[in-house]
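Observations on chain architecture
What follows is the residue order along each chain.
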Amino acid sequence: MAERPARSGKPRGNLPPLELYVPEPRYRPGDEVDYSHLAIPDAGKQPRPDEACKPDETWPLCGDMIRVLDGEHRAVGPWDPKLDPETLRRMLRVMALTRAFDDRMYRAQRQGKTSFYMKCTGEEATSVASAFALADDDMVFPSYRQQGILIARGYPLIEMINQIYSNRADKLKGRQLPIMYSARDFGFFSISGNLSTQLPQAAGWAMASASKGDTRIAAGWVGEGASAEGDFHSALTFAAVYNAPVIFNLVNNQYAISSFSGFAGAERATFAARAIGYGIAGLRVDGNDPLAVFAAVQWAANRARSNMGPTLIEHFTYRAEGHSTSDDPSAYRSAHEREEWPLGDPVMRLKRHLIALGEWSKETHEEMDRDVAEEVKAVAKEAEKNGILGHGLHHPFHTMFEDVFEDLPWHLEEQAEQAVRERRIKWPDWDGQ
Amino acid sequence: MSVEESPVSLSEAPTRRLNMIEAINDALDIMLERDPNVVIMGEDVGYFGGVFRCTAGLQEKYGKTRVFDTPISEGGIIGVAVGMGAYGLRPVPEIQFADYIYPGLDQLVSEAARLRYRSAGEFIAPMTVRAPFGGGIFGGQTHSQSPEALFTHVAGLKTVVPSTPHDAKGLLIAAIEDNDPVIFFEPKRIYNGPFDGYYDRPAKTWEHHPGSEVPEGYYSLPLGKARIVREGAALTVLAYGTMIHVAESVLAEKGVDAEIIDLRTLVPIDIEAVEKSVEKTGKCLVIHEATRTSGFGAELAALVQERCFYHLEAPIERVTGFDTPYPHSLEWAYFPGPVRIGEAVDRLLAAG
């Protein structure tokens, strides 16, 4: 075969040679951080279109940012959901409980009780406030950082920890990586671990619900990084084509492990802006403002439930911690980013709002923090009685071969027999469990 | 209820002569009628009735929410079907050509196949993915492939290939009723007639083939059960789909008393039927149209040598397509036709 020349392009008049652009984040470890380039609009200034509006009427909101809590911690503007103080206190408590749960499980991983954990610190509002805005029987198709939904829906913490420890009480029989929950009775779809696959599934579930004349809607979650997957685009296409009653929550926490959002296209357009090209309503919301998140998801849920179609919501937030226990963000980003993040912390913002309303105090908050920490500690202790990862208290051995198919075919029966034989050779005193 | 278990024998059920397309259409019609959760979707399957006409008339009969067109997005089609299954529907997506299934692979391999396992049975993906496959129709490299081995390799998927209209109907009904995801590959070369492998002879229709006698109404053939096409003593042929008919005609013309086994289901495979036959004949010929390396024939050869080695009187022969893309103008050079099969048969008969 003839060898190709290394460079075949000839100069074309005065045109410069082509240049490949590779995105680069603004800050690396040690850098001073300046967020003045981020346009953070005043709270309360964003118009709230009718829930039945045409998709393209939401276009201004795709570049703006829906914000409700202002600098004085008041709820202002047309997006204020006007929640009563009791609901706000419940929301605050679920967010605090989620954070306490994360802290305890992170430590449990460091203590060797499990292999892996993922915190959602700083992003609690994107799942907790969303869950508050949905009906409890709406079906959610989460990604891996939506533990706040399960906690908001009252899923027993002990089931979560049993799963994280892969112990003998783990409802998923020790088959899934920690935090990849499944809770059908709580309207929580099995978490995959492969990215964006849940979005076309959410669209399909919503299509099925619509075709059966149901009243339940579906809501999916995805990170901004994973929005580059083909499944994101097929999900939006299907949702638009069939006017599916589904909400796509895109959590833009700025990072996909070490890759900043520029590698998903954030330098060219907002993620909410993608909605309009598909003919879907788009909203961009301050993801650290629990009231704004609630209001945006409520708007989208009302819209979906009245056959007005799907919505894509970009939750603009910040991943305050590492991607997972296997990640060390100090290796690729400046520690000042978290300190300087201009949208603050969702738990603190709701706390200050409640205090401003005269419905909360520093003391009650501290008491709540102690309570939730104690609650998690007690449940974790209880869960440990069922075993921790690798300490022998796992599901019966034969369950490994179950649920590959509804029935056990001959080849899996043979392989199960072999596995049992191997175990008896290795552990002659094995009790068969 | 399977045919084998049915108190009404097939001969008692009234039959009609159908080609494979009509038989598939009949199966879909029956399942849409019997189960309100069955939905059919795919590119051009709605008003138009599918590029091969397998879904003709079904949208008119059952409405647009039961039978509908989709965007050209195989990943989306399978992904949506997973979500529908989680809701409680029983989707039967059509992938227009098996060659187009690859954008849907992640949803099949990582999602549909593992959903039951990873959720410990909380969620299942009871879908039947229909896709025409195989060549011999001048389809070129993008309308001719046989990718079954990609799917038999995946834990949690069942793979089915019918070889007659009768089997296509019964197997498709069983696949739709199955609570696990099933890949249902339809050999499109034999949609309209049993191809004997001689591309230079006139094409036959299904009219005179016993496999086109299709019982009316509902019946199902159990997945995982092979069919003995022809009993014989000289050697065992393991094949499926189009290659059943090619093997039948080649061995008949050579006058070889072969036992031909139509596997019908590749996973789970009917290992008893395979063992029983090879133990009887002592010689085994594996045939498929797909490329050779890591093809399903490699699995068959391995199973036979593991389980029947001391009955074998000759090395197992594999007749397959070549390890090239399916060439357009030279497709008959690729196709494992009478000459390639004939040589392998001669080698088997000469041995031992």
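Use the structure listed above.
This text gives an overview of the structure that appears in the document. (Residues numbered from 1 in each chain as written. Chains lettered and ligands numbered in written order. Predicted model: local features only at pLDDT ≥ 70, side-chain atom pairs only at ≥ 80, totals over all residues.)

Quick notes on the interface of chain A and chain B
Chain A puts 36 residues into the contact, and the matching count from chain B is 35 residues. Only helix H6 (198–211), helix H7 (230–241) and helix H13 (410–426) of chain A provide two or more residues apiece to the side of chain A that touches chain B. A total of ten residues in the side of chain A that touches chain B trace back to one element, the largest contributor, which is H6(A). Taken together, the residues that form the side of chain A that touches chain B break down as 15 nonpolar, 14 polar and seven charged. (Contact = placed C-beta atoms within 7 Å. Helix = DSSP H or I, 4+ residues; strand = E, 2+ residues; numbered from the N terminus. Nonpolar A, V, L, I, M, F, W, Y, C, P; charged D, E, K, R; others polar.)

As for the packing of helix H8 (residues 242–254) of chain B against helix H12 (residues 338–350) of chain B
All names here are of chain B. Contact pair H8 / H12: the axes reach a minimum separation of 10 Å and the direction vectors enclose 60 degrees. Here H8 is positioned oblique relative to H12, judged by the angle of their axes. When you trace H8 past H12, the crossing you get is right-handed. On the side of H8, the interface is formed by Val-246, Ala-247, Val-250, Leu-251 and Lys-254, while H12 contributes Pro-338, Ile-341, Gly-342 and Val-345. Considering only residue class, the contact of H8 with H12 consists of seven nonpolar, one polar and one charged. (Axes fitted to C-alpha atoms, helices over the stretch in contact; angles between N-to-C directions. Parallel < 35°, antiparallel > 145°, perpendicular 65-115°, else oblique. Left-handed = near helix turned anticlockwise from the far one by under 90°.)

Some words on the sheet that holds strand E1 (residues 139–141) of chain A
Residues and elements named next belong to chain A. Judged by pairing direction, the sheet is parallel, and its five strands sit side by side in the order E1-E2-E3-E7-E6 without closing on themselves. Of all the strands in the sheet, just E1 and strand E6 (281–286) have a single pairing partner and so form its edges. Strand-to-strand, the axes of this sheet are offset by a mean angle of 20 degrees, without reference to chain direction. Bridge analysis of E1 against strand E2 (residues 218–223) gives three bridges, and the strand direction is parallel. Following the sheet pairing, Met-139 is matched in E2 by Ala-218. Packing against the sheet, H6 makes contact with E1, E2 and strand E3 (246–252), and its axis sits at approximately 170 degrees to E2. (Pairing = 2+ DSSP bridges.)

What about the sheet that holds strand E14 (residues 317–319) of chain B?
Residue and element names in this part refer to chain B. One open sheet accounts for five strands, arranged E9-E11-E10-E13-E14; its pairing is mixed. Two strands bound the open sheet, and with one partner strand each, they are strand E9 (227–230) and E14. When the angles between neighbouring strand axes are averaged without regard to direction, this sheet yields 25 degrees. Across three bridges, strand E13 (residues 284–287) lies against E14 in parallel orientation. Counterpart to Val-286 in the pairing with E14 is Arg-318.

Topic: the packing of helix H5 (residues 157–165) of chain A against helix H12 (residues 362–384) of chain A
All names here are of chain A. Packing of H5 against H12 brings their axes to within 9 Å, and their N-to-C directions diverge by 50 degrees. On the basis of their axis angle, the class for H5 and H12 is oblique. Read as a crossing pair, H5 and H12 show a hand that is right-handed. Where H5 abuts H12, its residues Leu-157, Ile-158, Ile-161, Asn-162 and Tyr-165 lie against Val-376, Val-379, Ala-380, Glu-382 and Ala-383. A per-class count over the contact of H5 with H12 returns eight nonpolar, one polar and one charged.

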